[in-house]
Amino acid sequence: MTKLILVFGDQLSSNISSLRNCNQTNDIILMSEVYNEATHVKHHKKKLVLIFSAMRHFAKELNSKGYNVKYIYLNENIKSFTDAIDTTIQKNKIKEILLTEPSEYRVTKEIKTWQSKFSINIQILEDDRFLCSREEFKNFALNKKQLIMETFYRNMRKKYNILMQNGKPVGGKWNFDKENRNKAPNNLNINFPLFFKIDEIPKEVILLVNHKFNDHFGDLENFNFATKRTEALKSLHYFIQNRLSLFGKYQDSMLEGHPWMFHSHISMYINLGLLLPNECINAAENAYHQGLVPINAAEGFIRQILGWREYINGVYWLKMPKYQNLNFLNAKKNLPQFYWTAETKLNCLKQCINETQQNAYAHHIQRLMILGNFLLLIGTNPRYVNEWYLIVYADAFEWVEMPNVNGMVLYADEGLLSSKPYAASGAYINKMSNYCKNCSYNVKEKNGPSACPFNYLYWNFLIKNKNKLKTNHRMKIIYSTLDKMPKEKIDSIKADSRCFIESI
Ligand code: FAD
Ligand code: DLZ
Ligand code: SF4
């Protein structure tokens, strides 16, 4: 009895639930490069090279372990996963299709049509690479209006006994985020993450992507990501040994010319399955116990993976499909054209967009407080914002991109994720970065043609959304300041904002 085991491009883990249930002598493993997956949004070229190369390497690895792998290379006839299944079923006697649950709602919907379309049994297994199942998260969310990440994170620390001692958090505190907010000095010595010389597989894929997807966003030069597990593991260990110790201290800071700061640059490897979340957490915890890194670094890093990553996945599956259409602030503007070109005088945006274009990467605070903050302040429609983030980052998959955008950046979910919008003026950017030094705008000026646009856009955002935000208890102080503002000041904020938004 032959089963067809479908393995998606973000399921490249040899111990994934579908492969644990594989009968190596009888079953066929199907992996397919699919046209619509590459084009339903025009993914960054480096992201496509990463995904196709990692898929090809993984198929090769499974083959060498004796699995019977059917790998479909990119071709015009296979437009969807359904096409890939159809052609494979026609050529083989298949009794059942088995797969690990896909990470995306859109693909889950497609799979639901297969049972009747192909008259075949479909078995879907849980993706237990996540440390909190969709069911468990549902229970956590039961009867809660707001889902507080910190509560969730503490539960996860206890559940997995991570950084715990006698039932108490190691270091006497659950959270060291106050020690994650230092501004980096200009002359700080920062090692780059570990990068790799590419082998034949990415070389071939680069030619393919150049040929077929040349009109997609992003640079292809100097592709140097890990594309197989052995490399991804090296990258993780290099980070733990050489970079994690300062991750905590400078987690929120930004320096021109330093796209990675002390961040791990492993999200794309975890999201594809080349690294497992629990091994990254364990590596950081061990480094702390060995005295290699301080608690604010280990805890800060573990919080991102055991806390944020799991929480974001939980929110996505709890709230989809409604989550994709939320727009609490009724934001309607288009995405500024310069998000595709980096041609702007606002230096912070120029640097972050340039780096995104070059590396298919920006670190969290760049994504949230520069790129996202600006789109929030000018009132960009969430649909365009989601599309941009899904395209431009090598680690972007809808399950993780969308709650970060709709919840964290745009407050489109009315505060399900964050207790207030992450809106900030130029003062925050100046405090956490050195971008303002090289900017043609003046961060200290509040109004007028040379004033930093973030300054008046911030107040304009508060004015515009007053009815929706003034009752939020965390906004009370800022709204009382606004209430005391003279009318002429408010008029110039509105006029400067109108003029600036029209100009973009
Ligand atoms: P580090 O800073 O070293 O953090 C370690 C790990 O923690 C990351 O590799 C990642 O797995 C996890 N992590 C950290 N923050 C988050 C978070 N907020 N949500 C989920 N996981 C987190 N992350 C993605 O993986 N894919 C996305 O598509 C994505 N889109 C984002 C969009 C916006 C608007 C924002 C604000 C954040 C987004 N993030 C996304 C989260 C975060 O920015 C990236 O995970 C991080 O920048 C990846 O770089 P790193 O591996 O160096 O992370
Ligand atoms: C992102 C992506 C791309 C660009 N291409 C493929 C592909 O050709 N084949 C594949 O199996 N997966 C691809 N992926 C990842 C899928 O979008 C991801 O696996 C699904 O969203 C699972 O839900
Ligand atoms: Fe950005 Fe304003 Fe600073 Fe320029 S002055 S870099 S626009 S925050």
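Up top is the structure.
Residues numbered from 1 in each chain as written. Chains lettered and ligands numbered in written order. Predicted model: local features only at pLDDT ≥ 70, side-chain atom pairs only at ≥ 80, totals over all residues. Heavy atoms only, no water.

## A closer look at the site of ligand 2
Around ligand 2 sit 19 residues, and of these D10, S32, V34, E37 and E104 come closest. Within the backbone of G9, one N or O atom sits 2.9 Å away from an oxygen atom of ligand 2. Here S103 contributes a backbone N or O atom positioned 3.2 Å from an oxygen atom of ligand 2. Protein chains bury 99% of the 490 Å² of accessible surface belonging to ligand 2 in isolation. Taken atom by atom, the bulk of ligand 2 overlaps the largest cavity. Among the secondary structure elements, those contributing two or more residues to the shell around ligand 2 are α2 (35-39) and α3 (45-64). Looking at the shell around ligand 2 element by element, the count peaks at four residues for α3. Considering only residue class, the shell around ligand 2 consists of 11 nonpolar, four polar and four charged. (Near = heavy atom within 4 Å. Polar contact = N/O pair within 3.5 Å; in protein donor to acceptor, adjacent residues only side chain to side chain. Areas by Shrake-Rupley, 256 points an atom, 1.4 Å probe, with all protein chains shown as cover. 1 Å grid on protein atoms, 1.4 Å probe; cavity = no way out; pocket = protein on both sides within 12 Å on 5 of 7 lines; lining within 4 Å. Sits in = over half its atoms within 2 Å of the grid points. Helix = DSSP H or I, 4+ residues; strand = E, 2+ residues; numbered from the N terminus. Nonpolar A, V, L, I, M, F, W, Y, C, P; charged D, E, K, R; others polar.)

## A word on empty space enclosed by the protein
Counting across every chain of the model gives five cavities of 30 Å³ or more. Taken as a whole, the largest cavity holds about 380 Å³ of empty space. If you go around the largest cavity, you meet 26 residues; those closest to its centre are G9, E37, I51, F81 and F397. Listed by contribution, the elements that provide at least two residues to the lining of the largest cavity are α2, α3 and α5 (105-111). In terms of residue count, the dominant contributor to the lining of the largest cavity is α3 (five residues). (Points joined across faces, edges and corners; volume = space filled by probe spheres on them.)

## Thoughts on the environment of M55
Relative to the helices and strands, M55 is located in helix α3. M55 sits in the buried class, given a relative accessible area of 3%. When the C-alpha atoms of M55 and E33 are compared, they prove to be 8.4 Å apart, with 22 residues separating the residues in sequence. With residues up to four places along the chain from it excluded, the contact list for M55 reads G9, L12, M31, S32, E33 and Y71. (Buried < 20%, exposed > 50% of the residue type's maximum accessible area, 1.4 Å probe, protein only. Contact = heavy atoms within 4.5 Å.)

## Regarding the site of ligand 1
Neighbouring ligand 1 are 29 residues, the closest being H263, S264, H265, N271 and Y361. With respect to ligand 1, the backbone of S267 contributes an N or O atom lying 3.0 Å from an oxygen atom. At a separation of 2.6 Å, an oxygen atom of ligand 1 approaches a polar side-chain atom of Y361. Protein contact buries 99% of the 810 Å² of open area that ligand 1 shows by itself. Secondary structure elements with two or more residues in the shell around ligand 1: α12 (267-272), α14 (295-319), α16 (364-378) and α18 (398-409). Top element by residues in the shell around ligand 1 is α14. It accounts for six residues. Counting the residues that make up the shell around ligand 1, at least three belong to each of domain 2 (134-193 + 243-319) and domain 3 (338-503). (Domains from an automatic or database assignment.)

## Re the side chain of N359
Relative to the helices and strands, N359 resides in helix α15 (residues 347-359). Sequence-distant contacts of N359, that is, excluding residues within four places in its chain, are made with F225, P259 and W260.

## A word on the pattern of salt bridges
Enumeration according to the criterion identifies 21 salt bridges in this entry. Taking the shortest distance from any N to any O, the salt bridge between E150 and R154 comes out at 3.0 Å. Of the two residues, E150 and R154 are both situated in helix α8 (residues 149-160); the distance of four residues between them amounts to about one turn of the helix. The exposure class of R154 is partly exposed, given its relative accessible area of 31%. (Salt bridge = Lys/Arg side-chain N within 4 Å of Asp/Glu carboxyl O.)

## Re the packing of aromatic side chains
Within the structure shown, the criterion is met by 32 aromatic pairs. Where F217 meets W340, the ring centres are 5.6 Å apart and the plane angle is 70°; that geometry is what we call edge-to-face. Separated by 123 residues along the polypeptide, F217 in the loop between α9 (200-212) and α10 (229-242) and W340 in the loop between α14 and α15 bring together distant segments of the chain. On the basis of relative accessible area, F217 is assigned to the buried category, the value being 9%. Ring geometry for F223 against F225: centres 5.1 Å apart, planes inclined by 55°, an arrangement best described as tilted. Taken individually, F223 and F225 each receive the classification buried, so the pair is uniform in this respect. Members of the aromatic cluster, each reached through a chain of ring pairs, are F338, Y339, F374, W388, Y389, Y393, F454, Y456 and F500. Directly above the aromatic system of Y361 lies the positively charged group of R367, at a separation of 5.8 Å from the ring centroid. (Phe/Tyr/Trp six-rings, centres within 6.5 Å; stacked < 30°, edge-to-face > 60°. Lys NZ or Arg CZ within 6 Å of the ring centre and 35° of its normal.)

## Description of the nonpolar core
Residues I29, Y269, Y339, L349 and F374 are the most contacted members of the largest nonpolar core, which totals 165 residues. If one sorts the elements of this core by residue count, α14 sits on top with 12 residues. In contact with Y339, other than residues within four places in its own chain, are F217, L349, I353, I370, L371, F374, L375 and W388. In this structure, I72, F81, I97 and I122 belong to the second largest nonpolar core, which totals 21 residues. (Core = buried A, V, L, I, M, F, W, Y, C linked by side-chain atoms within 4.5 Å.)

## A few points about the packing of α10 against helix α13 (residues 277-289)
Packing of α10 against α13 brings their axes to within 10 Å, and their N-to-C directions diverge by 30°. Here α10 is positioned roughly parallel relative to α13, judged by the angle of their axes. Seen along the crossing, α10 lies across α13 with a hand that is right-handed. Contacts from R229, L233, L236, H237 and I240 in α10 reach E279, C280, A283, A284 and A287 in α13. Broken down by class, the residue content of the contact of α10 with α13 amounts to seven nonpolar, one polar and two charged. (Axes fitted to C-alpha atoms, helices over the stretch in contact; angles between N-to-C directions. Parallel < 35°, antiparallel > 145°, perpendicular 65-115°, else oblique. Left-handed = near helix turned anticlockwise from the far one by under 90°.)

Function-wise, these values are silent; they only describe arrangement.
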